[in-house]
Amino acid sequence: MRKGKLNFWSFFWPILAMTYFFVPLYGTLDFSLRMKKGVISLLAYQTVLADPQFIESFQYSVVMGIVSVTLSILLFVPTVYWIYLKVPKARPFVEIVSILPFIIPTIVFVFGLIRTFSRPPFLLTLTPFKTDILMAAGYIILSMPYMFRAIDVGMRSIDVKTLTEAGQSLGANWLQILFTIIIPNLRIAILSGALIAFATVLGEMILGDFLVRPAFGAYLVLVGRSKAYEPAALSIISYALTWIMLGAIQVFAKGSSSQSQLLGRG
Amino acid sequence: MSYLNLKNIYKTFSSNVAVDDFSLDIAQGEFISFLGPSGCGKTTTLRMVAGFEYPTAGSIALLGNEITNLPPNKRNIGMVFQSYALFPNMTVAENIGFGLKVSNTNTIEIKARVTEALSLIHMQDLGGRYPGQLSGGQQQRVALARALAIKPKVLLLDEPLSALDAKIRLELRLEIRRIQKQLNMTTIYVTHDQEEALTLSDRIVVMNQGRVEQVDTPSRIYNYPSTEFVASFVGHINIFPVSVIDGGEGIVDLSGNKIRSRKHMQEGAIPVHMAVRPEELTPGHREGANNLTGNIHSVQYLGSVVRIQIDVSGNFLSMDLFNQRDLSIPMVGDRFDVNFSSDSCWLL
Amino acid sequence: MQQSVKNKSAIRWWFWLIRNPWLGLLPFFLFIIAFLILPSLNLFVGAFKDQQGQFTFANVGIIQNPYIQKSFRVSFQVSITTSIIGTLFGFLVAYAITLGNAPRWMRNILMSFSGLAANFGGVPLAFAYIATLGRTGFVTYLLKQVCFTNSKGQVCPFDLYQNGFNLYSMVGLVLAYTYFLLPLMVLTIAPAIEGMKKDWREACENLGGSTAQYWLYVGIPILWPSILASFILLFSSAFGAFATAQALTGGSIYLVPIVIGQQIRGDVMNNPNEGYALALLMVIVMGVAIALYTWLQKRTAKWVAL
């Protein structure tokens with residue numbers, strides 16, 4: 001009955017949106033293939049991949065990503081488990097704390113971090129290693145909203161208290177319960193949280209740039225200032241990386257209800 | 001001329017036949033139930049009356065005017081949804097007054113009609129509440145009042161009680177009937193609950209797989225079901241395959257026992273099943289009745305009734321006895337005689 | 001012997017934790033205090049100190065500084081414009097792929113692509129726009145080819161840069177921000193639109209309401225809090241964005257985050273405490289936005305919990 005009338009707009013807006021999404025993507029891809037005048041070539045990609053700075057910064061970010069995601073899991077899984085088990089009253093409060101990185105813009109957060117830890121009594125910016133500690137802490141904080149939410153959703157979907165009590169009644173101790181019952185049931189939630197957090201670390205530019213560490217994001221800024229075609233190639237590479245990461249989450253999360261979406265960050 | 005007339009309605013969804021040749025005349029003030037299992041086409045038929053679906057073939061007429069293809073908002077037919085479908089952003093009073101508001105009724109009149117509707121459902125004090133603050137039963141009463149406030153020509157109810165607790169369901173059932181009688185409202189009530197249909201209706205339409213199985217008063221539906229489906233869907237029943245000895249006299253053979261029944265319903269058809277309700281069976285042997293002997297297979301307490309299953313040469317016969325204090329209950333494995341009159345069983 | 005003593009102390013420690021369950025959250029809170037609360041407090045306390053460390057409200061006076069005022073004005077302009085575009089456009093897209101009649105494959109592509117694009121911010125996004133709409137970009141080049149000859153000679157109506165377009169401007173920022181705000185809107189509003197029950201529409205029609213009346217009295221009032229909440233989410237996302245703007249315009253457009261970035265690098269304001277005050281003002285804007293968002297979410301939750 002109403003079908004005929006709605007049809008046009010129901011096609012118009014999605015097609016316009018798809019155009020909006022795909023044109024810059026295609027434009028970038030096209031641009032990235034035109035480094036050699038007059039021909040289509042992968043020269044831009046070859047140049048990027050052969051750049052020692054690219055390799056160094058990428059390795060650095062992957063290592064930092066793994067370290068901070070691991071620490072993040074070690075910190076948040078027991079904390080959220082404990083909240084569900086013993087202090088459910090703390091959940092709303094911790095939830096608010098966990099979204100603070102959304103309220104405090106990254107630039108302000110990094111501002112505070114630098115002003116606090118580059119001065120006595122902390123002095124964490126003097127050596128690269130100490131700065132890396134600060135970097136990891138920063139990454140954990142910045143990815144906290146995603147990590148907390150992923151684990152929280154996973155924890156909510158299983159009956160933590162009953163499972164724990166069942167484990168206890170069968171004679172398991174707390175560590176056994178955590179590692180053999182709770183964590184295996186949270187596998188997917190933890191994994192999707194980890195992938196989101198990892199993607200955040202890879203894409204983050206402000207920390208690396210301002211703390212002057214060779215992070216992937218900082219490398220992008222550097223290349224963007226001096227080159228023309230390489231940035232387009234790097235853009236396609238980051239796009240592909242994000243795509244792989246989100247795709248992996250969707251594959252792992254298939255059949256589970258844990259939601260896995262990042263929120264816009266510019 | 002009937003008040004509401006449905007004539008040879010067909011409805012197909014792609015290749016599935018949802019409603020197959022449905023015809024029905026409804027008189028003014030009548031309470032009709034559509035009864036059947038889910039997917040039998042009863043809701044689809046109701047939605048065609050409301051105008052949410054259009055028949056593939058056939059016509060619907062209200063007071064002699066054809067309304068088959070009229071849009072729903074031009075029909076003046078009230079509907080109560082299974083999910084209540086109250087607008088969550090409006091108060092109870094605003095919900096009830098909505099139909100009047102969209103037809104540009106003046107504010108004073110709306111107020112009066114809303115007050116009237118609220119008192120009809122005994123919720124005078126709750127007009128300012130939001131649906132989210134009401135219980136399920138209250139929400140459904142508001143939905144009923146909302147449908148009635150537009151003074152519809154027909155009221156449609158689509159399984160209105162199925163989302164509610166058992167106790168509220170009973171209460172609201174009586175309320176619906178009371179209001180319907182008070183307003184003399186022509187009503188179609190869709191349900192899969194035979195008890196609801198039996199207690200509420202003037203007439204019941206039993207449907208199965210898109211077809212009408214039987215249209216009749218509750219007592220005739222229960223006592224004289226015309227098909228095996230109706231017999232087994234409405235109430236509990238024993239149905240056994242039999243071989244015919246004398247079709248004309250209604251004499252059949254059930255595993256070697258000669259059974260005399262009242263004459264089968266469909267003229268000319270060859271009966272293959274015998275049916276008898278559990279409550280028609282009596283313990284003991286009685287001359288002149290149909291007598292069967294078997295072993296007690298199980299005894300179930302159902303509260304007011306005790307259901308006893310008797311194994312009569314491989315046929316499991318259910319018998320219901322009222323649970324009186326002095327009732328002596330046989331033990332499982334006991335030899336047991338039962339009888340039933342030839343009037344109480346029939347052939348299908 | 002040694003073992004049992006160790007065990008005993010472990011058990012005692014354990015019982016102490018059970019009796020004081022809040023202490024189990026100690027590691028989390030220590031971490032948060034050290035790396036989130038302390039740095040933030042440091043800024044906010046600094047905002048109320050003068051250069052000698054005395055308490056003062058003077059720093060908040062930077063709001064009268066024309067340079068700061070301009071940065072807030074530009075930030076608001078960019079964020080509000082792009083959020084409005086994102087909200088309207090995103091709503092229409094989300095409606096078309098949920099309740100509209102858009103085919104299933106369009107919905108699948110748009111939903112999964114939105115998840116991707118909402119996360120495709122920062123520097124790579126800026127690169128993508130430069131490659132597409134920059135002076136030598138792909139689309140710029142294509143549009144430039146559309147020319148025809150009239151009485152005044154050759155005219156190229158779509159030569160963007162001849163016609164005053166500049167990617168490294170506010171317009172460019174709005175275009176780029178929309179790239180991640182539009183999908184963010186689609187992702188946040190689609191569940192709300194899908195939550196609209198078909199029964200509401202039918203009930204409305206049944207009571208005599210037209211399609212327009214349905215939207216006026218039922219559809220929009222129910223969706224309104226969700227739409228507004230999404231708008232605020234988009235706004236705060238745009239307001240806090242730094243990387244895209246920095247990489248696209250090289251800091252030539254004075255957004256609030258850009259000014260803070262310059263302050264971190266080189267104390268452009270000559271007074272670190274004024275820098276802290278600026279950061280505080282920015283957090284206040286974000287805080288108000290998020291508080292509104294939470295409040296609106298609660299409002300819708302009341303309705304959804306039917």
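Residues numbered from 1 in each chain as written. Chains lettered and ligands numbered in written order. Predicted model: local features only at pLDDT ≥ 70, side-chain atom pairs only at ≥ 80, totals over all residues. Heavy atoms only, no water.

**Focus on the interface of chain A and chain C**
Here is step 1: Chain A puts 82 residues into the contact, and the matching count from chain C is 87 residues.
Here is step 2: Across the interface of chain A and chain C, roughly 7600 Å² is buried in total on both sides, 78% from carbon and sulfur atoms.
Here is step 3: The tally of links from chain A across to chain C stands at 1 salt bridge.
Here is step 4: A salt bridge links R265 of chain C to D209 of chain A; its shortest N-O distance comes to 2.9 Å.
Here is step 5: At the surface where chain A touches chain C, the tally comes to 11 residue pairs in polar contact (both at pLDDT 80 or more).
Here is step 6: No other element matches the 23 residues that helix 1 (residues 3-32) of chain A contributes to the side of chain A that touches chain C.
Here is step 7: A per-class count over the side of chain A that touches chain C returns 59 nonpolar, 14 polar and 9 charged. (Contact = heavy atoms within 4.5 Å. Buried area = accessible area lost by both parts, 1.4 Å probe. Salt bridge = Lys/Arg side-chain N within 4 Å of Asp/Glu carboxyl O. Polar contact = N/O pair within 3.5 Å; in protein donor to acceptor, adjacent residues only side chain to side chain. Helix = DSSP H or I, 4+ residues; strand = E, 2+ residues; numbered from the N terminus. Nonpolar A, V, L, I, M, F, W, Y, C, P; charged D, E, K, R; others polar.)

**Comments concerning the sheet that holds strand 15 (residues 273-276) of chain B**
Residue and element names in this part refer to chain B.
Here is step 1: With respect to topology, 3 strands assemble into an open sheet ordered 11-15-21, the strand pairing being antiparallel. On the outer flanks of this sheet lie strand 11 (238-241) and strand 21 (345-347), each paired with one strand and no other. Strand-to-strand, the axes of this sheet are offset by a mean angle of 20°, without reference to chain direction.
Here is step 2: In the sheet, strand 15 pairs with strand 21 via 3 bridges, with the strands oriented antiparallel. Residue pairing for strand 21: V276 is matched across the bridge by C345. (Pairing = 2+ DSSP bridges. Axes fitted to C-alpha atoms, helices over the stretch in contact; angles between N-to-C directions.)

**Quick word on the pattern of salt bridges**
All names here are of chain B.
Here is step 1: Inspection of the entire model under this criterion finds 21 salt bridges over all chains.
Here is step 2: Its salt-bridge partner being R211, residue D20 comes within 3.4 Å of it at the nearest N-O pair. Here R211 lies in strand 10 (residues 211-216) and D20 lies in strand 2 (residues 16-26), a separation of 191 residues in the sequence.
Here is step 3: Note on R211: relative accessible area 48%, which makes it partly exposed.
Here is step 4: With a closest N to O distance of 2.5 Å, R203 and E30 form a salt bridge. Taken together, the residues span a long stretch of sequence, with R203 in strand 9 (residues 203-208) and E30 in the loop between strand 2 and strand 3 (31-35) at a distance of 173 residues. (Buried < 20%, exposed > 50% of the residue type's maximum accessible area, 1.4 Å probe, protein only.)

**Section: the interface of chain C and chain B**
Here is step 1: Across the contact, 19 residues belong to chain C and 24 residues belong to chain B.
Here is step 2: Considering only the surface of chain C that becomes buried against chain B, N206, L207 and Y217 of chain C emerge as the three largest contributors, covering 33% of it.
Here is step 3: The interface formed by chain C and chain B includes 1 salt bridge.
Here is step 4: In this structure, the salt-bridge partner of R47 of chain B is E202 of chain C, at a minimum N-O distance of 2.5 Å.
Here is step 5: At the junction of chain C with chain B, the criterion picks out 9 residue pairs in polar contact (both at pLDDT 80 or more).
Here is step 6: Sorting the residues of the side of chain C that touches chain B by element identifies helix 8 (198-206) and helix 9 (211-240) of chain C as the ones contributing at least two each.
Here is step 7: Broken down by element, the residue count for the side of chain C that touches chain B peaks at 8 residues, all from helix 8 of chain C.

**As for the environment of F48 of chain C**
Residue and element names in this part refer to chain C.
Here is step 1: Residue position: F48 is located in the loop between helix 2 (26-46) and helix 3 (66-98).
Here is step 2: Taking the relative accessible area as the measure of exposure, F48 reaches 23% and is therefore partly exposed.
Here is step 3: Measuring from C-alpha to C-alpha, the distance between F48 and N273 comes to 7.5 Å, with 225 residues separating the pair along the chain.
Here is step 4: Once residues lying within four places of it in the same chain are set aside, the contact partners of F48 are Q54, F55, T56, F57, N59, V60 and L280.

**Focus on the nonpolar core**
Here is step 1: Ranked by internal contacts, the top residues of the largest apolar core, which has 222 residues, are L4 of chain B together with Y177, Y179 and I260 of chain C.
Here is step 2: Dropping the residues within four chain positions of it, Y177 of chain C is found in contact with V78, T82, A238, A241, T244, A245 and L255 of chain C. (Core = buried A, V, L, I, M, F, W, Y, C linked by side-chain atoms within 4.5 Å.)

**Some remarks on the packing of helix 7 (residues 128-157) of chain A against helix 2 of chain C**
Here is step 1: For the pair helix 7 of chain A and helix 2 of chain C, the least separation of the axes is 10 Å and the interaxial angle reads 110°. Here helix 7 of chain A lies roughly perpendicular to helix 2 of chain C, going by the angle between them. Contact residues: L134, A137, I140, I141 and M144 of chain A in helix 7 of chain A; F28, F31, I32, F35 and L36 of chain C in helix 2 of chain C.
Here is step 2: Looking at side-chain class alone, the contact of helix 7 of chain A with helix 2 of chain C contains 10 nonpolar, no polar and no charged residues. (Parallel < 35°, antiparallel > 145°, perpendicular 65-115°, else oblique.)

**Some details on the environment of G210 of chain B**
All names here are of chain B.
Here is step 1: Within the secondary structure layout, G210 lies in the loop between strand 9 and strand 10.
Here is step 2: C-alpha separation for the pair G210 and L164, spaced 46 residues apart in sequence, amounts to 27 Å.
Here is step 3: Not counting residues up to four positions away in its chain, the partners in contact with G210 are A18, V19, D20 and C40.

**Brief notes about the sheet that holds strand 4 (residues 57-62) of chain B**
All names here are of chain B.
Here is step 1: If you walk across this open sheet you meet the 4 strands as 2-1-4-5, and the pairing is antiparallel. Where the open sheet ends on each side, the last strands, each with one partner, are strand 2 and strand 5 (65-66).
Here is step 2: Sitting on the sheet, helix 1 (residues 42-50) is in contact with strand 1 (4-13), strand 2 and strand 4, with an inclination near 120° to strand 1.

**Points about helix 5 (residues 166-183) of chain B**
Residue and element names in this part refer to chain B.
Here is step 1: Under the 1.5 Å per step criterion, the end-to-end length of helix 5 is 26 Å for 18 residues, consistent within 8% with the ideal 26 Å.
Here is step 2: All of the buried residues along helix 5 are L172, R173, E175, I176, R177, I179 and Q180.
Here is step 3: The inward-facing, buried residues of helix 5 contact strand 3, helix 3 (107-120), helix 4 (136-149), strand 7 (154-158), strand 8 (187-191) and helix 6 (194-200).
Here is step 4: Two residues or fewer past helix 5, N184 is found with a positive phi of approximately 50°. (Expected span 1.5 Å × (residues − 1).)

**Focus: the confidence of the model for chain A**
In low-pLDDT regions, the fine details of the predicted coordinates are not to be read closely.
Residue and element names in this part refer to chain A.
Here is step 1: When pLDDT is averaged across chain A, the result is 85; 92% of the residues are at 70 or more.
Here is step 2: In the model of chain A, helix 1 stands out as the element of lowest mean pLDDT, 84, in contrast to helix 3 (residues 52-85), which has the highest, 93.
Here is step 3: A low-confidence stretch, residues 255-266 stays under pLDDT 50, and its non-local contacts, those more than four residues away or across chains, total 44 contacts. (pLDDT = per-residue confidence, 0-100.)

**Section: the side chain of T45 of chain B**
All names here are of chain B.
Here is step 1: By the secondary structure assignment, T45 is in helix 1.
Here is step 2: Among the residues examined, T45 registers a relative accessible area of 0% and is labelled buried.
Here is step 3: Apart from residues lying up to four places away in sequence, T45 is in contact with L6, V19, F22, F34 and M207.

**A word on the confidence of the model for chain C**
Residue and element names in this part refer to chain C.
Here is step 1: Summing up the model confidence of chain C, the mean pLDDT is 86 and the portion of residues at 70 or higher is 95%.
Here is step 2: Taken element by element, the predicted model of chain C shows its lowest mean pLDDT in helix 1 (residues 2-19) (71) and its highest in helix 3 (93).
Here is step 3: Both scores are given for the predicted complex: the pTM is 0.81, the ipTM 0.86.

**Section: the pairing of strand 4 of chain B**
All names here are of chain B.
Here is step 1: Bridge count between strand 1 and strand 4: 5 bridges; the pairing is antiparallel. By the bridge assignment, N5 is partnered in strand 4 with A61.
Here is step 2: As defined by bridge partners, strand 4 adjoins strand 5 across 2 bridges and the pair is classed as antiparallel. Within strand 5, the residue paired with L62 across the bridge is N65.
Here is step 3: What sits between strand 4 and strand 5 in their antiparallel hairpin is a turn of 2 residues, with L63 showing a positive phi close to 55°.

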